Amino acid sequence: MAAADAPITVKEILSLKSIGIKEQFITFTNVTMESEKYICVRETFPQHSVVIIDMSRPMQPLRRPITADSALMNPNGRLLALKASLPGTTQENLQVFNIETKAKMKSCQMPGQVSFWKWITPELLGLVTQASVYHWSIEGDSEPVKMFDRTANLANNQIINYKCDSSEKWLVLIGIAPGSPERPQLVKGNMQLFSVDQQRSQALEAHAASFASFKVFQVMSIHQFLYLLQQKVLMLARQHQSCILSNLVPSQRPQLVKGNMQLFSVDQQRSQALEAHAASFASFKVMSIHQFLYLLQQKVLMLARQHQSCILSNLVPSQISHRYSLIHVITKLGLLYVYDLKTAAAVYTNRISLDPIFLTSESSSGRGFYAINRRGQVLLATVNQSTIVSFWYFLILLAAQQS
């Protein structure tokens, strides 16, 4: 499929190297992008500094001499959160600054190491320690509030993401751990799903998750969904072979391990009520549960000869296109998988980057997402409005012929 006809278009909107960011600092631990508004880069040479890139004027980065272990720009405003260890202690100092007024808004000291933190809303920071998860509001003079203890499946895991839904009633913590001795390159994904109302946790095996909403019926209220990407098999369906391996003759094509998309309810009471209501609709068959976990199983990635051999491709945080009801699944090897939000059907696959992708961020327009790769390219992937309708029509005709 020609690039002009593709349903998803990808373009480079910025090169971090072009604004003076050295390649050694273009990593997961040094670069953060909490929203499409700002990118924050932490440099340690030739001096400690924090570079703030306003995406409305990216060629005018703001570089400040700041020593910190981590730096996060607020998703909406010009607020900078800094985290630094206190010398000689196990404590960490957290501070929030207003860049425009150059004033410190808030600070606190955590008794233990904060292994991961993130803006989960414009007013709320999520803090993950070795044992527990806290929420810290930047409003008022409140201290961090403990939300839940980490489950055993996340012990000795590197935490890579933490999210909440729009109501802040569902929380999900995601970590990764080394694979088994037989397959050490196969990174394990572990997840903890927590219900604030029920004060209960569920331990799951997964690598990426995103919350989204849509109406099951026109007369029904909005239902929350958690899309759980359980990383075991990346090659999901037969059509992916033609997209990724089209240049290989059959004898060169590696063996693929296939998987499937599964749905799980996380709200039994609401789902039972919805199922009872849906029973009166003859055409309503599968979509009868209020909240689901979408599991994408991934084990190994057997791509092509140009990748030398069997290479594992881990998932980076998935993104939702709310405007077009699409799930974007991105791998570190630069592969994009697109799924329909309501049916979990695979609709499109393509490579969007030749360099490893380590960070993604949702586009506020709901049309796509941003991705940053190791070369320093900031990529914007969006739905091609001029071709998406014809592409969907082609898929419908193809499905009708195969049925």
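Scroll up for the structure.
Residues numbered from 1 in each chain as written. Predicted model: local features only at pLDDT ≥ 70, side-chain atom pairs only at ≥ 80, totals over all residues. Heavy atoms only, no water.

Considering the pattern of salt bridges
Which entries qualify depends on this criterion: By definition, a salt bridge exists where a carboxyl oxygen of Asp or Glu is found within 4 Å of a side-chain nitrogen of Lys or Arg. Helix and strand definitions follow DSSP, with helices as H or I runs of at least four residues and strands as E runs of at least two, each counted in order from the N terminus. For each residue, the accessible area found with a 1.4 Å probe, counting protein chains only, is set against the maximum for its type, and the residue is called buried under 20%, exposed over 50%, and partly exposed in between.
Scanning the model with the defined rule gives 10 salt bridges in all. With a shortest N-O distance of 3.6 Å, glutamate 100 and arginine 78 are connected by a salt bridge. Of this pair, glutamate 100 sits in the loop between strand E8 (92-98) and strand E9 (103-110) while arginine 78 is found in the loop between strand E6 (70-73) and strand E7 (79-85), placing the two residues 22 residues apart along the sequence. Exposure remark for glutamate 100: the relative accessible area of 61% places this residue in the exposed category. Arginine 375 is the salt-bridge partner of aspartate 355, the closest N and O atoms lying 2.7 Å from each other.

Notes on the environment of valine 41
Its place among the elements puts valine 41 in strand E3 (residues 38-43). With 20 residues separating them along the chain, valine 41 and isoleucine 21 place their C-alpha atoms 8.1 Å apart.

So, the nonpolar core
How we decide: We call a set of buried residues a nonpolar core when its members are Ala, Val, Leu, Ile, Met, Phe, Trp, Tyr or Cys and they connect through side-chain atoms within 4.5 Å of each other.
Leu16, Ile39, Val41, Ile53, Ile372 and Val378 are the most contacted members of the largest nonpolar core, which totals 19 residues. Of all the secondary structure elements, the ones that give two or more residues to this core are strand E2 (31-35), E3, strand E4 (49-54), strand E26 (357-362), strand E27 (368-373) and strand E28 (377-383). Residues Leu336, Ile357, Ala371 and Ile388 belong to the second largest nonpolar core, which totals 16 residues.

Looking at the sheet that holds strand E5 (residues 62-64)
Stated precisely, the cut-off is as follows: Two strands qualify as a pair provided that DSSP identifies no fewer than 2 bridges between them. Think of each axis as a best-fit line through the C-alpha atoms, taken over the contacting stretch in the case of a helix, with angles from 0 to 180 degrees between the N-to-C directions.
Reading across the sheet, the four strands line up as E2-E3-E4-E5 and stay open at both edges, with antiparallel pairing between neighbours. Edge positions in the sheet fall to E2 and E5, since each has one partner strand and no second. Within this sheet the neighbouring strands show an average axis-to-axis angle of 20°, counted without direction. Here E3 pairs with E4 via six bridges, running antiparallel.

Observations concerning the sheet that holds strand E16 (residues 188-195)
Taken together, the four strands give an open sheet; going across it, the order is E14-E15-E16-E17, and neighbouring strands pair in antiparallel fashion. Strands with a single pairing partner mark the edges of an open sheet, and in this sheet they are strand E14 (158-164) and strand E17 (200-204). Across the sheet, the mean angle from the axis of one strand to that of its neighbour is 15°, orientation sign disregarded. Relative to strand E15 (residues 170-177), E14 is paired through six bridges, and the arrangement is antiparallel. Considered in E15, the bridge of glutamine 158 is made with isoleucine 176.

With respect to the pairing of E27
Along E27, six of the six residues are buried, which leaves the element largely enclosed by surrounding structure. Summarising the sheet, E26 and E27 pair through five bridges and their orientation is antiparallel. When the sheet's bridge partners are listed, serine 361 is paired in E27 with tyrosine 370. The turn linking E26 back onto E27 is made up of five residues, and glycine 366 within it adopts a positive phi angle of 80°. Remark: three residues form the turn of the hairpin made by E27 and E28, two consecutive strands paired antiparallel; glycine 376 in that turn has positive phi of roughly 95°.

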